[in-house]
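Here is how the chains run, residue by residue.
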Amino acid sequence: MVQSGLRLILVRHGETEWARTGQHTGRTDIPLTELGRLQAMVLGDRLRGRTFDRVLSSPLARAWETCRLAGVAEQAEVSDDLMEWDYGEYEGRR
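This section reports on the structure supplied with the text. Once a new chain begins, its residue numbering starts again from 1 and follows that chain's sequence as written. Local features are withheld for residues below a pLDDT of 70 in this predicted model, meaning they are given only at 70 or higher, and side-chain atom pairs are given and counted only at 80 or more; totals for whole chains, interfaces and linings count all residues. As a rule here, side-chain values come from all non-hydrogen atoms in the structure, and water together with hydrogens is ignored.

**Digging into the overall build of the chain**
Link 1 in the chain: Helix numbering and strand numbering both begin at the N terminus, where a helix is a DSSP run of H or I of at least 4 residues and a strand a DSSP run of E of at least 2. Per the secondary structure count, the chain includes three helices and two strands.
Link 2 in the chain: Listing every helix and strand of the chain by position from the N terminus yields α-α-β-α-β.
Link 3 in the chain: Taken along its principal axes, the extent of the C-alpha atoms in the chain is 45 × 30 × 25 Å.
Link 4 in the chain: Only protein chains enter the accessibility calculation, which uses a 1.4 Å probe; a residue whose area is less than 20% of its type maximum is buried, one above 50% is exposed, and one in between is partly exposed. Counting across all 94 residues of the chain, residues that qualify as buried make up 36%.
Link 5 in the chain: Expressed as a percentage of contacts within the chain between residues at least 6 apart in sequence, the contacts between residues at least 24 apart total 58%.
Link 6 in the chain: Counting only carbon and sulfur atoms, one obtains 50% of the accessible surface of the chain, whose full area is about 7,000 Å². In what follows, a contact means two residues having at least one pair of non-hydrogen atoms within 4.5 Å. Per-residue and other accessible areas were derived by the Shrake-Rupley procedure at a 1.4 Å probe size, with only the shown protein chains allowed to occlude residues.

**Some remarks on the environment of Gly14**
Link 1 in the chain: Inspection of the secondary structure assignment puts Gly14 in the segment before helix H1 (17–21).
Link 2 in the chain: Residues Gly14 and Arg62, spaced 48 residues apart in sequence, show a C-alpha to C-alpha distance of 7.2 Å.
Link 3 in the chain: Residue contacts for Gly14: discarding those within four places in its chain leaves Leu32, Gly36, Gln39 and Thr66.

**Some thoughts on the nonpolar core**
Link 1 in the chain: By convention a nonpolar core is built from buried Ala, Val, Leu, Ile, Met, Phe, Trp, Tyr and Cys residues, the set being connected through side-chain atoms within 4.5 Å. Formed by Leu43, Leu47, Val55, Cys67, Ala70, Val72, Ala73 and Ala76, the largest nonpolar core amounts to eight residues.
Link 2 in the chain: Setting aside chain neighbours within four positions, we find Leu43 in contact with Val11, Thr66 and Ala70.

**What to know about the packing of aromatic side chains**
Link 1 in the chain: Think of it this way: a Phe, Tyr or Trp ring, Trp meaning its six-membered ring, pairs with another when their centres are within 6.5 Å, and the plane angle makes it stacked under 30 degrees, edge-to-face over 60, tilted otherwise. Applying the stated criterion across every chain yields a total of one aromatic pair.
Link 2 in the chain: Between Trp85 and Tyr87, the aromatic rings sit 6.5 Å apart at their centres with planes inclined by 55 degrees, giving tilted as the arrangement.
Link 3 in the chain: Taking the relative accessible area as the measure of exposure, Trp85 reaches 68% and is therefore exposed.
Link 4 in the chain: Residue class for Tyr87 comes out partly exposed when judged on its relative accessible area of 29%.

**Some words on the pattern of salt bridges**
Link 1 in the chain: One speaks of a salt bridge when a side-chain nitrogen belonging to Lys or Arg is within 4 Å of a carboxyl oxygen belonging to Asp or Glu. Under the definition given, this model contains six salt bridges.
Link 2 in the chain: Linking Arg68 and Glu65 is a salt bridge whose minimum nitrogen-to-oxygen distance equals 3.7 Å. With Arg68 and Glu65 both in helix H3 (residues 61–69) and three residues apart, the pair spans about one turn of that helix.

**Some remarks on the packing of helix H2 (residues 34–47) against H3**
Link 1 in the chain: Only the stretch in contact is used when fitting a helix axis, every axis being a line fitted to C-alpha atoms; angles between N-to-C directions are given from 0 to 180 degrees. At a closest axis distance of 7 Å, the pairing of H2 and H3 adopts a crossing angle of 45 degrees. Considering the angle they form, H2 stands oblique to H3. Crossing hand, H2 versus H3: right-handed. In this structure, H2 uses Arg37, Ala40, Met41 and Leu43 to contact H3, whose residues at the interface are Glu65, Thr66 and Leu69. Roughly parallel means an angle under 35 degrees; roughly antiparallel, over 145; roughly perpendicular, 65 to 115; everything else is oblique. Helix crossings get a hand from a simple test, with the near helix turned counterclockwise from the far one by less than a right angle marking a left-handed crossing and a clockwise turn marking a right-handed one.

In structure tokens, the structure reads:
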């Protein structure tokens, strides 16, 4: 079997208050908690030294801040295709 050497790395944004409390978070732009910011910085430590052909981010602030704190925002492209689901009336519910 031939290996191409390509690798896909998927990262979820850091913790938000709604993620912590188990609430559905779709398109409501909930900021990262202090723990979420710390998680993003730890991610940056783990990614340090890697190079990426392409970095994509949801346009929501929690995703973009995770990207920024992880140190890859300068090369990141915002993609609306990565925007979270619209939960409608279930948004914010547990």
